[in-house]
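# Architecture at a glance
Each chain is listed here by its residues.
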Amino acid sequence: MKSIYIFLLVLVCTGACKKDDHSAETVYMPEAGKGIVKKEFPIADTPFIVSYSAVITGTDYATVSGINAANEITIHFKADTSLVAKFNEENGTSYPLLPAGSYELQASATIAKGATGTGALPLKIIAKDRINPFQDYMIPISIESITGAAGSGYQQTTYFVVNGTADLASMEPYDESGWSIAGFSTEEPAEGGGNGLAKAAIDGDPDSFWNSKWSGGEPEPPHYIIIDMGELKPVHGIGIMDRYFEGDWQTDGHGQPQDVTVSVSADNVTWDDVASIKDIPHDAGQPWYRYFVSTLKEARYVKVTVTKVYATSSTNIAEIQIF
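The structure reproduced in this document is the subject of the present report.

Cut-offs applied
Residues numbered from 1 in each chain as written. Predicted model: local features only at pLDDT ≥ 70, side-chain atom pairs only at ≥ 80, totals over all residues. Heavy atoms only, no water. Helix = DSSP H or I, 4+ residues; strand = E, 2+ residues; numbered from the N terminus. Buried < 20%, exposed > 50% of the residue type's maximum accessible area, 1.4 Å probe, protein only. Contact = heavy atoms within 4.5 Å. Areas by Shrake-Rupley, 256 points an atom, 1.4 Å probe, with all protein chains shown as cover. Salt bridge = Lys/Arg side-chain N within 4 Å of Asp/Glu carboxyl O. Pairing = 2+ DSSP bridges. Axes fitted to C-alpha atoms, helices over the stretch in contact; angles between N-to-C directions. Phe/Tyr/Trp six-rings, centres within 6.5 Å; stacked < 30°, edge-to-face > 60°.

## Quick look at the overall build of the protein chain
In terms of regular secondary structure, the protein chain is built from 1 helix and 20 strands. The buried share among the 323 residues of the protein chain stands at 46%. Sequence-distant contacts in the protein chain: of pairs separated by 6 or more residues, those separated by 24 or more amount to 78%. As displayed, the protein chain has an accessible area near 15,100 Å², and 48% of this comes from carbon and sulfur atoms.

Okay, here's the thing in structure tokens:
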């Protein structure tokens, strides 16, 4: 079982970072100068706490420690959302902003007289049901104002990039009620009763199924089916249900997919392969097989291509999930 992980990227001070020349204490965010910092944790009902802080270093370089505050210093922090677009432009990235409601920060803290810093302050990442798994998000945290000390010309903003991976068992498939079939290699009406048709793979009925052509000739793989979800959605993974046959979920010999490629498209013209699934096991009593994609993409169309089949040339799938 996979766990949700959060990855944190902290912007490095690049170029010539000059020493500040203040006669009083100078306040910095030490996390803003550490380079890349990664943390990982399993998602839970409670938020995960990420730490940030402020320290004083007097007139010397920001890594100097052990300088004590001559008086109490108050620091105010903010989620500096306006910096995301600038960061992306300057660094050639495309991070979206971490959505409002998926984080909380401690907005102010003090450095007590005689102390050297605020200590760890909580940035709560509320990931469950708030962000898309496998999607990077950015949230910059900045020092907004300081009372009782000077602010530095650098190390005033920490850029957090949040990425979560989800547990397969917790993922809810998308509602398929508005879906349609946008294309298929072949289908087999001779199965009768509506079975064999491509649309049977998205009708929510485990007793119906899509089957590739076998009547009057049985083409070899690849066999494919294209699902139109009707709107753009992030595609995290896919579920495939085996055909129900003669009183049991089959284990082999009846055209179950062995190898599958999953591709996605926004327009049903240009496609990106996002998963290559090998040797689907088809264990008795386990009709559903669920897999994450290797590359998260937003797509309207999902193409499932069966490239290898167990025992026969034609293939069959009872149901397809997308999540």
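## A short note on the pattern of salt bridges
On inspection of all chains with the given rule, the structure shows 6 salt bridges. The salt bridge partner of Asp80 is Lys78, with a shortest N-O separation of 3.8 Å. Of the residues examined, Asp80 reaches a relative accessible area of 12% and is grouped as buried.

## Let's talk about the sheet that holds strand S3 (residues 55–56)
Spatially, the 3 strands line up as an open sheet ordered S3-S1-S9, and their pairing is mixed. Of all the strands in the sheet, the pair left with one neighbour each is S3 and strand S9 (150–151).

## Thoughts on the sheet that holds strand S7 (residues 121–125)
Reading across the sheet, the 3 strands line up as S2-S7-S5 and stay open at both edges, with antiparallel pairing between neighbours. The sheet is open, and its two borders are formed by strand S2 (48–52) and strand S5 (103–105), each paired with just one other strand. Taken pair by pair, the neighbouring strands of this sheet meet at an average axis angle of 25°, ignoring direction. With 3 bridges joining them, S5 and S7 adopt antiparallel strand pairing. Directly across from Tyr103, in S7, lies its bridge partner Ile125.

## Quick word on the packing of aromatic side chains
Under the criterion given, the structure shown has 5 aromatic pairs. Between the aromatic rings of Phe87 and Tyr159, the centroid separation amounts to 5.0 Å while the plane-to-plane angle is 35°, which identifies the pairing as tilted. On the criterion of sequence distance, the pair formed by Phe87 in helix H1 (residues 83–91) and Tyr159 in strand S10 (residues 157–163) is long-range, its members being 72 residues apart. Given a relative accessible area of 7%, Phe87 falls into the buried group. Three or more aromatic residues joined by ring pairs form one cluster here, namely Phe87, Tyr95 and Tyr159.

## Re the pairing of strand S18 (residues 288–309)
By the bridge criterion, 14 bridges tie strand S13 (residues 223–241) to S18 in an arrangement that is antiparallel. Its bridge partner being in S18, Gly239 is matched across the sheet by Arg290. One ladder, built from 8 bridges, connects strand S16 (residues 257–265) with S18; its direction is antiparallel. Residue Val264 lies in a different strand from S18, and its bridge partner there is Val302.

## Focus on the environment of Tyr159
Residue classification places Tyr159 among the buried positions, given a relative accessible area of 11%. The sequence separation of Tyr159 and Ile139 amounts to 20 residues, and the corresponding C-alpha distance is 6.1 Å.

## Notes on the pairing of strand S6 (residues 108–111)
Across the two faces of S6 the burial differs, with Ala109 and Ile111 buried and Ser108 and Thr110 not buried at all. Relative to S6, strand S4 (residues 73–79) runs antiparallel, the two being bridged by 4 bridges. Directly across from Ile75, in S6, lies its bridge partner Ala109.

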